[in-house]
Amino acid sequence: DVKVTQSSRYLVKRTGEKVFLECVQDMDHENMFWYRQDPGLGLRLIYFSYDVKMKEKGDIPEGYSVSREKKERFSLILESASTNQTSMYLCASSWGREPSYEQYFGPGTRLTVT
Amino acid sequence: DQQVKQNSPSLSVQEGRISILNCDYTNSMFDYFLWYKKYPAEGPTFLISISSIKDKNEDGRFTVFLNKSAKHLSLHIVPSQPGDSAVYFCAASGLWGQGAQKLVFGQGTRLTINP
């Protein structure tokens, strides 16, 4: 059974703080992803990684950075948190091989920036 | 530029009846489509998928239909049960970025099953 875990379920931070969101998967997946979910906008891809130390920008990378030092761990960093980064953050992982493109999601981190 | 659209933000269905959730896409390069289900305070879970070489895929109470010419897919749930109440996301794949498949998600449809 694939398991994707996220370091916190709920987080409250102040504007300007540096925020780290951690994600760990236990299935030896090559690919890992960070999304944010906002009402009416669905899931939007922030960054993804297809290998250790490799990363690629998604659709909304501004204000975020990522780190993947080990295959099982993918971190999302908010360098200087702002109120418009208040959102639900979801991490996912996948094999990255055909024919299934299924991604497995963690439970999410509800981040509030005040 | 919303490449995957779910035009109904919400849907309410009587228990036991059929639920039909719709999804439209614009990019003809998409070759695989997935439906995810999401309960509050949980991550999305995979429900069912379909390859572009098929027009129908069935799994128990869930059936996905794909109409490539119309760039439209739909999810049918028969019969609907109260536990089906959740937000459903349609997703499409086929856009490669450095070797990793990316999924493009729709906005989601909140399904409510009434007893």
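Computed from a predicted structure; not experimentally measured.

Trainee: Explain the state of the cysteines to me, using residue names and the numbers behind them.
Mentor: A covalent bond between the sulfur atoms of two cysteines is referred to as a disulfide. All names here are of chain B. Evaluated as defined, the whole model comprises 2 disulfides over all chains. With its sulfur 2.0 Å from that of its partner, Cys 23 forms a disulfide with Cys 90. What sets the handedness of the Cys 23 and Cys 90 disulfide is the S-S torsion sign, and at about -70° it is left-handed. Of the two residues, Cys 23 is situated in strand 3 (residues 19-25) and Cys 90 in strand 9 (residues 86-97); the sequence distance between them amounts to 67 residues. We classify Cys 23 as buried; its relative accessible area is 0%.

Trainee: Help me get a handle on unusual backbone geometry, residues and values and all.
Mentor: All names here are of chain B. Residues Val 78 and Pro 79 are joined by a peptide bond in cis, for which omega reads -15°. Its identity is not glycine, yet Ala 41 carries a phi of approximately 65°, on the positive side. Take Ala 41: it is sitting in the loop between strand 4 (32-38) and strand 5 (45-51). For Ala 41, a relative accessible area of 34% puts it in the partly exposed group. Even without a glycine there, the phi angle at Lys 71 is positive, about 50°.

Trainee: Any details on the pairing of strand 5 (residues 42-51) of chain A? Residues and values, ideally.
Mentor: All names here are of chain A. In terms of residue burial, strand 5 counts as a mostly covered element, since 8 of its 10 residues are buried. The pairing of strand 5 with strand 6 (residues 54-57) spans 3 bridges and is antiparallel. Residue pairing in the sheet places Asp 51 in a bridge with Met 54 of strand 6. The turn joining strand 5 and strand 6, which pair antiparallel and follow one another in sequence, is formed by 2 residues; a positive phi near 65° is taken by Lys 53.

Trainee: Account for the pattern of salt bridges, with residues named and values stated.
Mentor: All names here are of chain B. Scanning the model with the defined rule gives 8 salt bridges over all chains in all. Glu 58 is paired through a salt bridge with Lys 56; the nearest N and O atoms lie 3.9 Å apart. The exposed category is assigned to Glu 58, whose relative accessible area is 51%. Lys 56 gets classed as partly exposed once you look at its relative accessible area, which sits at 43%. For the salt bridge of Arg 61 with Asp 84, the shortest nitrogen-to-oxygen distance reads 2.8 Å. Highlighted residues: Arg 61 in the loop between strand 6 (56-59) and strand 7 (62-67) and Asp 84 in the loop between strand 8 (72-77) and strand 9, separated in sequence by 23 residues. Using a relative accessible area of 22% as the deciding quantity, one classes Arg 61 as partly exposed.

Cut-offs and rules
Residues numbered from 1 in each chain as written. Chains lettered and ligands numbered in written order. Predicted model: local features only at pLDDT ≥ 70, side-chain atom pairs only at ≥ 80, totals over all residues. Heavy atoms only, no water. Disulfide = S-S within 2.5 Å. Helix = DSSP H or I, 4+ residues; strand = E, 2+ residues; numbered from the N terminus. Buried < 20%, exposed > 50% of the residue type's maximum accessible area, 1.4 Å probe, protein only. Pairing = 2+ DSSP bridges. Salt bridge = Lys/Arg side-chain N within 4 Å of Asp/Glu carboxyl O.

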